[in-house]
Amino acid sequence: MKKNTMIKLAAGAAAVLLMTTSAQAGYTMKKKVGDIDTKLTFFGFAQLEMVGGDGMKIKEAGAVNKADADVAFRAQRIRLGWKYVSGPVRGKVFLDFNQNSDVNSAGSDATDGASMPKVIKDAFVSYVFDPAFVAKLGLIKMPHGMSFTMPGWNLDIAERGLDKSLVLERNTGLMISGRDIGLGNNGKVDGLEMGHERPWKGFGYDIMIANQASRSSAAGSKEFAGNSYAVRGMFDYTEKLHVEASYALSENADGLDATATSGEDYKSVNIGVDSNLGELSLKAEYTTGDNILGVKDYNEKVWTATAGYFVLPSLELVGKHISAEAEGKTGNTHKTELANTYLGFNYFIASPYQDMSRKAKRARNQHKVVFNYIVASGSGATEVAADKWTGLSGYRDDAFIAQYQFKF
C-alpha cells in the first residue's frame, strides 16, 4: 500500500473516531459484545523540530542527522495508533508516517512471508492470563534497553541518545511478560506494557524470541540468518526505584560494511536504574554491544547519566551525559571515544498538573517545548581519520534541537 493511501485511511479513521467520542472520554469508544465490555482507544503524537549546528552537518557514518543548512526543519515522529481491549485480550497498532512504507527498504523485517515496513512501529495482540503471565505475539519492542522501551513521547531529552543503536529495536516474535510480582497487587497490569510504565512494587520479567533483529543498527539485516532473543528482569519499589537488567542476542548478524566479515552473533547487555523523587528525577544506564554487524570483536560500550529538576510545575531543567567507547571496526581497530552532553529544558504548555508523581509528569507531555544543546567531546569528536569516532552513531560536533510536541 502506498504511503499516501495509508495516510488518507488513517486521517479518515481519525475523523470518524473524533466525531463519535468526547474529549472527556479520552478519545475512547466502548461497546458491549455479549457479556464482555470492549474498548477502542485512539491516540497519537507528533514531534516537529528546528535543528542546527555543525554536528547536524556531518554526513559520514557516526552522524545522527544530515542537515546541510545552518538551520533545518524536520519531523522526528508523526505517529497514530489504536489500542483494543476485550476481556483478557489486548491489541495494539501504531504507525509512524515519517517512516518508509516499502517492505523492501533497509531495516524492514524482510523475511519471506513476514515483511513489516518501517512505517509499522507496533502491531501485536496479547492475552492476559495473569499479571505475572502475559503473552504477546506480533511486532513489538524487544525487551532490551531501559530508555528504549519507554515511549518516544516520554523522553527526558528531544531524542534517544547514541546508546539506542546498540539495542535490538522492534521485532516480530513471541514475548512472555510479568509485572508486579512478589510484594502484593499494587498496580494495574494491562497487557500492553513494554517498559516500566507504572510504579509497581515487586519483580517483573520479559522473555522474547523473534526473527533476526533487522531493524537494529547493530544487528543488520539478513534473511533466514537466524533468530534473536532477549530476556529482562526488573525490580520496582514504587516510583522511587526501578532497576532492570537485560541480555539480548541476534544470530549471524549481517556485516553491512562491504569490507566486514559477517556471521558472528551480535550480543548486548543493558543495566538501568530510574528514580523519581518529586521535583528531581535521576537515571543511569550502561549498554554493551559485542560483534557489531557480525564483525568479530567490533564492540561498543555506552554509559549514560540523566538528571531532571522541576524549577516550576511547567518548567524542567534537564541534563544528560552519554559517554561511549568503540573498538575493533574493520580498517580502524584502535579504541575511539565520544561523549555527547545534552543540556536544556522541557517547557510544558498550559499544564493543569501541580503534583510531581511520575504519572503527572507523563501527563504533562500533551503539549511541550523541548530545547537541547548537544556538546560533543572526546578524542573521537574530530575529522582526523586516525582518531574519528568508529561507533554506530553520535554527534562529532556541537548541535542543537528545538522541538514542539503535541500528544493526545
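Treat the numbers as computed from the prediction; the structure is a model and nothing was measured.

## Examining the pairing of strand β12 (residues 280-290)
Link 1 in the chain: Note: strand β11 (residues 266-277) against β12, 11 bridges, orientation antiparallel. Bridge pairing in β12 links S275 to L282.
Link 2 in the chain: Connecting β11 to the antiparallel partner β12 that follows it, the hairpin turn spans 2 residues, and G278 within it adopts a positive phi of roughly 75°.
Link 3 in the chain: Where β12 lies against strand β13 (residues 299-312), 10 bridges are found, and the strand directions are antiparallel. Residue pairing across strands places A284 opposite A305, the latter belonging to β13.

## What about a negative patch on the surface?
Link 1 in the chain: On the surface, E264, D290, D297 and E327 cluster together to form a negatively charged patch.
Link 2 in the chain: Mapped onto the elements of the fold, E327 is located in strand β14 (residues 315-327).
Link 3 in the chain: Its relative accessible area of 34% is what places E327 among the partly exposed residues.

## A closer look at the packing of aromatic side chains
Link 1 in the chain: Summed over the entire model, instances satisfying the criterion amount to 11 aromatic pairs.
Link 2 in the chain: Relative to F408, the ring of F42 has its centre 5.5 Å away and its plane inclined at 40°; by these criteria the two rings are tilted. Highlighted residues: F42 in strand β2 (residues 36-52) and F408 in the segment after β17 (399-407), separated in sequence by 366 residues.
Link 3 in the chain: A relative accessible area of 29% places F408 in the partly exposed class.
Link 4 in the chain: Here F310 and F348 contribute two aromatic rings whose centre-to-centre distance is 5.7 Å and whose plane-to-plane angle is 20°, an arrangement assigned as stacked. Residue F310 is located in strand β13, and its partner F348 is located in strand β15 (residues 336-348); the two are separated by 38 residues in the primary sequence. Taken individually, F310 and F348 each receive the classification buried, so the pair is uniform in this respect.
Link 5 in the chain: Joined through ring pairs, the aromatic side chains of Y27, F42 and F408 make up one cluster.

## Digging into the side chain of S268
Link 1 in the chain: Structurally, S268 is set in strand β11.
Link 2 in the chain: For S268, a relative accessible area of 1% gives the class buried.
Link 3 in the chain: Residue contacts for S268: discarding those within four places in its chain leaves H144, L166, S246, Y247, A248, T287 and T288.

## Things to note about the environment of Y84
Link 1 in the chain: Along the chain, the position of Y84 falls in strand β3 (residues 71-86).
Link 2 in the chain: Placed 46 residues apart in sequence, Y84 and T38 show a C-alpha to C-alpha distance of 7.3 Å.
Link 3 in the chain: The residues touching Y84, leaving out its near neighbours within four places in the chain, are T38, K39, L40, V89, R90 and G91.

## Section: the nonpolar core
Link 1 in the chain: Core analysis: the largest hydrophobic core is formed by 41 residues, its most contacted members being Y266, I292, Y395 and I401.
Link 2 in the chain: Of all elements in the fold, only β8 (201-211), β14, β15, β16 (367-377) and β17 reach the threshold of two or more residues within this core.
Link 3 in the chain: Of all the elements, β14 adds the most residues to this core, at 4 residues.
Link 4 in the chain: Core analysis: the second largest hydrophobic core is formed by 8 residues, F42, V119, I120 and L139 among them.

Criteria and thresholds
Residues numbered from 1 in each chain as written. Predicted model: local features only at pLDDT ≥ 70, side-chain atom pairs only at ≥ 80, totals over all residues. Heavy atoms only, no water. Pairing = 2+ DSSP bridges. Helix = DSSP H or I, 4+ residues; strand = E, 2+ residues; numbered from the N terminus. Patch = residues over 30% accessible without salt bridge, like charges linked within 9 Å, V, L, I, M, F, W, Y side chains within 5 Å. Areas by Shrake-Rupley, 256 points an atom, 1.4 Å probe, with all protein chains shown as cover. Salt bridge = Lys/Arg side-chain N within 4 Å of Asp/Glu carboxyl O. Lys, Arg positive; Asp, Glu negative; His and termini not counted. Charge placed at Lys NZ, Arg CZ, Asp CG, Glu CD. Buried < 20%, exposed > 50% of the residue type's maximum accessible area, 1.4 Å probe, protein only. Phe/Tyr/Trp six-rings, centres within 6.5 Å; stacked < 30°, edge-to-face > 60°. Contact = heavy atoms within 4.5 Å. Core = buried A, V, L, I, M, F, W, Y, C linked by side-chain atoms within 4.5 Å.

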